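As a plain string of letters, each chain reads:
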Amino acid sequence: FFFLMIRRPPRSTQSRSSAASDVYKRQGLEILAGMRALYVKQQLELLEALTGCETENRYKVYEADDQLHRKKQVLFKCKERSNWLTRNLLSGDCRPFTMRVLHADEDDDESSSFLKIEREFRCTCCCLNRPDFKVTWTEGRNDKFLGRITHDWAICDMTFEVLNSQDSLRYKVVGDGFQCGLFFNCPCDPCKKIVFNIYDANGQQVGEIMKVFEDMAKEFFSDADTFVCRFPPMATAEDKALLLANILFIDYRYFEENPSDTQPATY
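Since this is a predicted model, take the numbers as computed values, not measurements.

## Concerning the pattern of salt bridges
Here's step 1: Following the criterion strictly, the structure yields 14 salt bridges and no others.
Here's step 2: Two residues, Arg87 and Glu56, come together in a salt bridge whose shortest N-O distance is 3.8 Å. One end of the pair, Arg87, is in helix α5 (residues 84-89); the other, Glu56, is in the loop between α4 (46-51) and β2 (58-64), with 31 residues separating them in the sequence.
Here's step 3: A salt bridge links Glu161 to Lys172, with the nearest nitrogen and oxygen atoms 3.9 Å apart. Placement of the pair is Glu161 in strand β8 (residues 158-164) and Lys172 in strand β9 (residues 169-175), with a sequence separation of 11 residues.
Here's step 4: By relative accessible area, Glu161 is classed as buried at 18%.
Here's step 5: Owing to a relative accessible area of 29%, Lys172 belongs among the partly exposed residues under this scheme.
Here's step 6: Taken together, the shared-partner salt bridges in this structure form one network comprising Asp132, Lys134, Arg148 and Asp167.

Dropping the structure here:
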């Protein structure tokens, strides 16, 4: 009779909780492989907004639907690791840091990350000493270099190259330097987004990355940015990891404000 009094949780509850946890049991690259679009949201740092001191950037990564609206479940979180001096004395487009990409339910332990994104300090001037991002798959006991993102110099356009581990060109990401959203932050449609087109090695447009202005008040008082990405149809999991890094590169290069900045980043 005692054993009959023990209540078991409903089967539906068990199945829902196990279904949610199953997402995180899959490897990060496996999750990326099944995604057609991505939504990246920088988290608002209250201390940064109140004091003006630059803090370590953090982002949440969601899957996006076909209309590029985010789905409810957070899949990944991205966390910057850097020191206070470099963050507040160097501009966002040249400061060194390491970014760890983790599953959303994992602790901030570096050993639990599945991607590591590194950028070394570069004092960039026009075409000289251009910055880059290096991306490594670190899940489990892996330490596999996936490729890098380079930022080419252009007179007007914002140009990036996505290179694989053999340094072969996979994609070119190009944003027009005369888009309304770069100069005006207002609710009209042309000013609510900044588009970076993704081209394959043959020059065909196959996807896009967009910075979107969803909460004008929040973005006015902080640098909490939002990006969406429509992946190329033939992109591999490794390609999608590199394009995620490209989104972060775009944010640091063009939209990361710093109290010590006296002028915007050069193209």
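Next comes the rest of the write-up.
## Observations concerning the confidence of the model for the chain
Here's step 1: Averaged over every residue, the pLDDT of the chain is 82; residues scoring 70 or more account for 80%.
Here's step 2: Element-level pLDDT for the chain is lowest in helix α1 (residues 2-5), with a mean of 40, against a maximum mean of 97 in β9.
Here's step 3: Contacts from residues 1-24, a stretch scored under 50 in pLDDT, to residues over four places away or in other chains number 11 contacts.

## Notes on the side chain of Asn57
Here's step 1: Along the chain, Asn57 turns up in the loop between α4 and β2.
Here's step 2: Accessibility expressed as a relative area gives 1% for Asn57, which makes it buried.
Here's step 3: Not counting residues up to four positions away in its chain, the partners in contact with Asn57 are Gln42, Cys78, Lys79, Glu80, Arg95, Asp251, Tyr252 and Glu256.

## Some remarks on the pairing of strand β10 (residues 193-200)
Here's step 1: The sheet contact formed by β9 and β10 spans five bridges and is antiparallel. When the bridges of β10 are listed, Val173 appears paired with Ile198.

## Notes on the state of the cysteines
Here's step 1: Under the definition given, this model contains zero disulfides.
Here's step 2: The thiol of Cys180 is not disulfide-bonded; the next cysteine sulfur, from Cys191, is found 4.8 Å away.
Here's step 3: Assessed through its relative accessible area of 36%, Cys180 is described here as partly exposed.

## A short note on the packing of aromatic side chains
Here's step 1: This structure, assessed with the given rule, holds nine aromatic pairs.
Here's step 2: Ring centres of Phe76 and Phe114 lie 4.9 Å apart, and the angle between their planes is 50°; on these two criteria the pair is classed as tilted. In this pair, Phe76 sits in strand β3 (residues 70-81) while Phe114 sits in the loop between β4 (97-103) and β5 (115-119), placing the two residues 38 residues apart along the sequence.
Here's step 3: Ring geometry for Phe160 versus Phe249: centroids 5.2 Å apart, planes at 65°, classification edge-to-face. In this pair, Phe160 is assigned in strand β8 and Phe249 in helix α7 (residues 237-255), connecting sequence segments 89 residues apart. Comparing Phe160 with Phe249 shows no difference in burial state: the two are buried.
Here's step 4: In this structure an aromatic cluster arises from ring pairing among Phe97, Phe133, Phe160, Phe227, Phe249, Tyr252, Tyr254 and Phe255.
Here's step 5: The aromatic ring of Phe227 is capped on one face by Lys211, whose charged end is 5.7 Å from the ring centroid.
Here's step 6: Directly above the ring of Phe255 sits Lys211, whose terminal nitrogen or CZ lies 5.1 Å from the centroid.

The rules behind the values
- Counting from 1, residues in each chain are numbered in the order their sequence is written.
- Residue-level local features of this predicted model are given only where pLDDT is at least 70; pairs of side-chain atoms are given and counted only at 80 or more, and the full residue set underlies all totals for whole chains, interfaces and linings.
- Only hydrogens and water are set aside; all other atoms, that is, all heavy atoms of the structure, feed into the side-chain values.
- The working definition used for a salt bridge is a side-chain nitrogen of Lys or Arg within 4 Å of a carboxyl oxygen of Asp or Glu.
- Working definition: helices are DSSP H or I runs of at least four residues, strands are E runs of at least two. Numbering for both runs from the N terminus.
- Each residue is assigned to one of three classes by its accessible area relative to the maximum for its type, calculated with a 1.4 Å probe on protein chains only: buried under 20%, partly exposed between the two thresholds, exposed over 50%.
- Confidence of the predictor at the level of single residues is given by pLDDT, which spans 0 to 100.
- By definition in these notes, contact holds between two residues if any of their heavy atoms fall within 4.5 Å.
- Only when DSSP finds a minimum of two bridges between them are two strands counted as paired.
- The term disulfide is used for any two cysteine sulfur atoms that are within 2.5 Å.
- The criterion for an aromatic pair is that two Phe, Tyr or Trp rings (for Trp, the six-membered ring) have centres within 6.5 Å, with stacked assigned to planes under 30 degrees apart, edge-to-face to planes over 60 apart and tilted to the rest.
- Either the NZ atom of lysine or the CZ atom of arginine qualifies as a charge over a ring when it sits within 6 Å of the ring centre and within 35 degrees of the ring normal.

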